[in-house]
Amino acid sequence: MKIKKIAIEGFKGIEKMEYIPNSKIGTLIAPNGSGKTSFFQAMESLFGNTNKDKVFIREGCPIATISVTTEGNTYERILSREKQNKFRADNKYVTEAEFYDALMKETKMKAEDFRVLSSSELFEKLSSQELADYLNAKVNQKLTMDDLVDFLPADFPEDAFLALENKLGYEFGPAELSGLYSDFYATRRNYNRMLKEQQSKCSKISKPNFSKEDLQKAIKEVEEMISAAKANKIAKEEYEKAVKTYQLMANQKSELEEKVKKAHTFEPKKEDLEKAKADKKAVQEQMMQVRNYCSTIKSNMDLFQKTLDNLNTNICPISEKLVCSTDKTKIKGELEASVAKNKQILAIGDKKYAELKVYEDALTKQIEVLQDSFSKYQNYMNLKKQLSAFKLPEKPIQPKIEVIDEDLLSMKRADIDMKKKALEDFEAYTKAKAECEKVSIRAKLYDALVKVTDPKGTVVKKVLEKYFAVFNDEILKTTQAMSVPFTVKLIVDNGVKCVFRKDNMARDYVMLSNGEKVIVTMIILNAINRVAGNKMLFIDNLNELDESNQEKTLSFIEALVPDYDNVFVASTTNIALPNADCISLEV
């Protein structure tokens, strides 16, 4: 990506600047505090370092803008104190994702490779985990599970390897491997907690000296006893019910026989009853005749008496008119004789009626007696019929009932409960033990996974060493090309650490001269760019070079220029780089 124009305004130490490159290499020659570092930080901010955007805005300015024009597009980033940062590509506002998509299409680089470092920033980050993560992201090569096998301990469980493969896939990077550590660690902690809980439930219990079959046999024996007891109870209840029924029916038969004995057994004659009824009817007819006759006699007597009563007056008893006053003695005598005679006849009639009444009552009584005899005899015949039809069942036979020993049954039940409890406890122990073993296996599995993914562990270290070997190869090429009097190597040590050897002696980074430190950071930065395919190189603090290696270093920078689209060099003193642009900063 060749830069055609750079414009920065309101960014930290830069009030406003514009740079149009005429050469691949641009130099920033100015004293400290004049904006050189601000220029590098502006480039870093544009290409992905967004951690301190608000801090970078120049004091007194509401916004800061960084703009880079390439052969294919113009990319602009607008930083704001109050509002969200904005992005522009091809003179229109876009999202951050669209901004980097456009960059990726033009440069054919990964988004993470847009993040650039200057030599001064690299110097600050040496011996840090952040730099190690940055370096890992730059390596395009992925490790495979086959590669990982070479780094794993010989006793690494196969199921742990499968778990790793399931999480990582076949290809992965160091960050992906160590990124599993926290999840595996948390899972292992949970399994260890579960293991502790399971172990608390695994108090050893001896195996019972009887089997489930023995218990089932004892249960069957008790069930048979209980079944026999129930059958005995039912048989007893049925026998008592049968006895009760038999006794009731026997009593009923006895009562029936007694009634038959006491019943009227004489059968009356039907013709006697019919004759009595006929006689009674005849008597009643005679009584009616006598009553009618007596009624006639009485009527005559009343008439005779009334006539006698009227003879004592002169009124005709017939016409009831006063007729005469003749002697009425004779007629009175005759009438009195008639009355007396009728009285005699009436007395005879009343007597006859009374006699007939007595005879009628006797006949009525006779009829009632005969009818009662008939009723009693019919009842006797019915009783005999009932007795003949009465079927008394056979007398129940008392069943043979086996006596169940309740104390023995209770003892057997208690023994069964005890055996059940013992088997259940042992089964629970066996289950808990199996679960404990299962959890223990999982805990060991995740223990192995934690060790493998531990960022400070041996496996991750070996993986990182394999990755750093890519950079170390490039570093070796550069040191050999520059003929520097020392060797540089990146090693894994709580992140990344530089190891230096000079005069066959290992030296710490802080023991190097300032000039050597500039050369070291430049060598490492060049290796990073070559691995990542980054075509921009930012070299700061070139004024720190020793006189002994300044010329050689500048020659090396010249030799690097063809490999880059743009090289930016900063120094507080003049440097002799042929065909280099001088970038003017307004502060």
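1. Some details on the overall build of the protein
When you go through the protein residue by residue, the secondary structure sums to 16 helices and 15 strands. By the compact-globule yardstick of 25 Å for 587 residues, the protein is too spread out, its C-alpha radius of gyration being 71 Å. With the C-alpha coordinates of the protein rotated into their principal frame, the extents come out at 215 × 90 × 35 Å. Burial statistics for the protein: of 587 residues in total, 40% are counted as buried. Pairs at least 24 apart in sequence give 73% of the contacts found in the protein among residues at least 6 apart. By element, 50% of the accessible surface of the protein is carried by carbon and sulfur atoms, the whole surface being about 35300 Å².

2. What to know about the side chain of Lys419
Relative to the helices and strands, Lys419 resides in helix α13 (residues 406-453). Owing to a relative accessible area of 18%, Lys419 belongs among the buried residues under this scheme. Leaving out residues up to four positions away in the same chain, Lys419 has contacts with Phe210 and Leu215.

3. Concerning the pattern of salt bridges
Using the criterion set out here, one finds 21 salt bridges in the structure. We note a salt bridge from Glu427 to Lys212, for which the minimum N-O separation is 2.9 Å. A residue pair is termed long-range when its members are at least 10 positions apart, and Glu427 in helix α13 and Lys212 in helix α10 (residues 212-262) qualify at 215 residues. For Glu427, a relative accessible area of 36% gives the class partly exposed.

4. Digging into the packing of helix α7 (residues 158-168) against α13
It is at 9 Å that the axes of α7 and α13 come closest, and there the two elements cross at 55 degrees. In terms of their interaxial angle, α7 and α13 are classed as oblique. Of the two possible hands of crossing, α7 and α13 adopt the one that is right-handed. Across the interface between the two elements, Asp159, Ala160, Ala163 and Leu164 from α7 touch Leu445, Leu449, Val452 and Thr453 from α13. In the contact of α7 with α13, the residues fall into 6 nonpolar, 1 polar and 1 charged.

5. As for the sheet that holds strand β14 (residues 566-571)
One open sheet holds the 4 strands; their spatial order is β13-β14-β3-β15, and the pairing between them is parallel. Taken across any chain shown, the strands that pair with only one partner, and hence form the sheet edges, are β13 (536-539) and β15 (581-582). Relative to β15, strand β3 (residues 25-29) runs parallel, the two sharing 2 bridges. Paired with Thr27 across the bridge in β15 is Cys582.

6. Overview of the environment of Lys201
Tracing the chain through its elements places Lys201 in the loop between α9 (181-200) and α10. Given the relative accessible area of 55%, Lys201 is considered exposed. Put simply, Lys201 and Tyr429 are 228 residues apart on the chain and 7.4 Å apart in space, counted from C-alpha to C-alpha.

7. Remarks on the packing of aromatic side chains
Overall, the coordinates contain 15 aromatic pairs when judged by the stated rule. For the ring pair Phe99 and Tyr100, a centre distance of 5.2 Å and an interplane angle of 85 degrees mean the geometry is edge-to-face. Each member of the pair, Phe99 as well as Tyr100, carries the same accessibility label: buried. Members of the aromatic cluster, connected to one another through ring pairs, are Tyr19, Phe39, Phe40, Phe538 and Phe568. Looking at Arg88, its charged tip hangs above the ring of Tyr93, at a distance of 4.7 Å from the centre. Across the ring face of Phe210, the terminal group of Lys419 is positioned such that the distance to the ring centre comes to 5.3 Å.

8. Digging into the pairing of strand β2 (residues 14-19)
Examined bridge by bridge, strand β1 (residues 3-11) and β2 share 5 bridges and lie antiparallel to one another. When the bridges of β2 are listed, Phe11 appears paired with Ile14. The loop that links β1 with its antiparallel partner β2 comprises 2 residues; one of these, Lys12, has a positive phi angle of about 45 degrees.

9. Topic: unusual backbone geometry
Trans is the common state for peptide bonds, and a negative phi is the common state for residues other than glycine. The backbone of Asp90 sits at a positive phi, close to 55 degrees, despite the residue not being glycine. Mapped onto the secondary structure, Asp90 falls in the loop between β6 (86-89) and β7 (92-94). Backbone geometry at Asn91 places phi at a positive 60 degrees, although glycine is not the residue there. With respect to the helices, strands and loops of the structure, Asn91 is situated in the loop between β6 and β7.

10. What to know about the packing of helix α14 (residues 458-482) against helix α16 (residues 547-560)
Two measures define how a pair of helices packs: the angle their axes make with one another and the distance between the axes. For the pair α14 and α16, interaxial distance at closest approach is 10 Å and the crossing angle is 125 degrees. Considered as vectors, α14 and α16 are oriented oblique to each other. Note on packing geometry: the crossing formed by α14 with α16 is right-handed. Only Lys552, Thr553 and Phe556 of α16 make contact with α14, whose side of the interface consists of Thr478, Ala481 and Met482. The class makeup of the residues in the contact of α14 with α16 is 3 nonpolar, 2 polar and 1 charged.

11. Here's the deal with the sheet that holds strand β12 (residues 505-507)
The 3 strands lie next to each other as β10-β11-β12, forming an open sheet whose pairing is antiparallel. The open sheet terminates on both sides in strands that have one partner only, identified here as β10 (486-492) and β12. Sheet twist, expressed as the average angle between the axes of neighbouring strands with direction ignored, equals 30 degrees. On the sheet, helix α15 (residues 514-532) packs against β10 and β11 (496-502) and is oriented at approximately 60 degrees with respect to β10.

12. Details of the nonpolar core
Of all hydrophobic cores here, the largest spans 76 residues; its most connected members are Leu148, Phe156, Leu164, Leu177, Leu542 and Ile557. For Phe156, the residues in contact, after removing those within four places along its chain, are Phe161, Leu164, Ala448, Leu449 and Val452. By size, the runner-up hydrophobic cluster in this structure holds 35 residues, among which are Phe11, Ile14, Leu28 and Met536.

Procedures and definitions
- Starting from 1, residues in each chain are numbered consecutively following that chain's sequence as written.
- Given that the model is predicted, a residue must reach a pLDDT of at least 70 before its local features are reported, and side-chain atom pairs must reach 80 or more before they are shown or counted; all residues, however, enter totals for whole chains, interfaces and linings.
- Excluded from the side-chain calculation are hydrogens and water; included are all heavy atoms of the structure.
- What counts as a helix is a DSSP run of H or I of at least four residues, what counts as a strand is a run of E of at least two, and both are numbered from the N terminus.
- A radius of gyration in this sense is built from C-alpha atoms; the matching globule rule multiplies 2.2 Å by the number of residues raised to 0.38.
- Only protein chains enter the accessibility calculation, which uses a 1.4 Å probe; a residue whose area is less than 20% of its type maximum is buried, one above 50% is exposed, and one in between is partly exposed.
- Residue contacts are counted whenever heavy atoms from the two residues lie within 4.5 Å of one another.
- Residue burial considers only the protein chains on display, and all accessible areas are found by Shrake-Rupley using a 1.4 Å probe.
- Take a side-chain nitrogen of Lys or Arg and a carboxyl oxygen of Asp or Glu: if they are within 4 Å of each other, that pair is a salt bridge.
- Lines fitted to the C-alpha atoms define the axes, with helices restricted to the stretch that makes contact. Angles between their N-to-C directions range from 0 to 180 degrees.
- Put simply, angles under 35 degrees are roughly parallel, angles over 145 are roughly antiparallel, angles from 65 to 115 are roughly perpendicular, and the rest are oblique.
- By convention the crossing between two helices is left-handed if the near helix lies anticlockwise of the far one by an angle smaller than a right angle, and right-handed if it lies clockwise.
- Only Asp, Glu, Lys and Arg are considered charged, only Ala, Val, Leu, Ile, Met, Phe, Trp, Tyr, Cys and Pro nonpolar, and every remaining residue, Gly among them, polar.
- For two strands to pair, DSSP has to find at least two bridges joining them.
- Stacked, edge-to-face and tilted labels apply to pairs of Phe, Tyr and Trp rings (six-membered ring for Trp) whose centres lie within 6.5 Å, assigned for plane angles under 30 degrees, over 60, and everything in between, in that order.
- Two conditions define a charge located above a ring, namely a distance within 6 Å from the ring centre to NZ of Lys or CZ of Arg, and an angle within 35 degrees of the ring normal.
- Here the nonpolar core consists of buried residues drawn from Ala, Val, Leu, Ile, Met, Phe, Trp, Tyr and Cys, with membership extended through side-chain atoms lying within 4.5 Å.

Worth remembering: the numbers are spatial, not functional.
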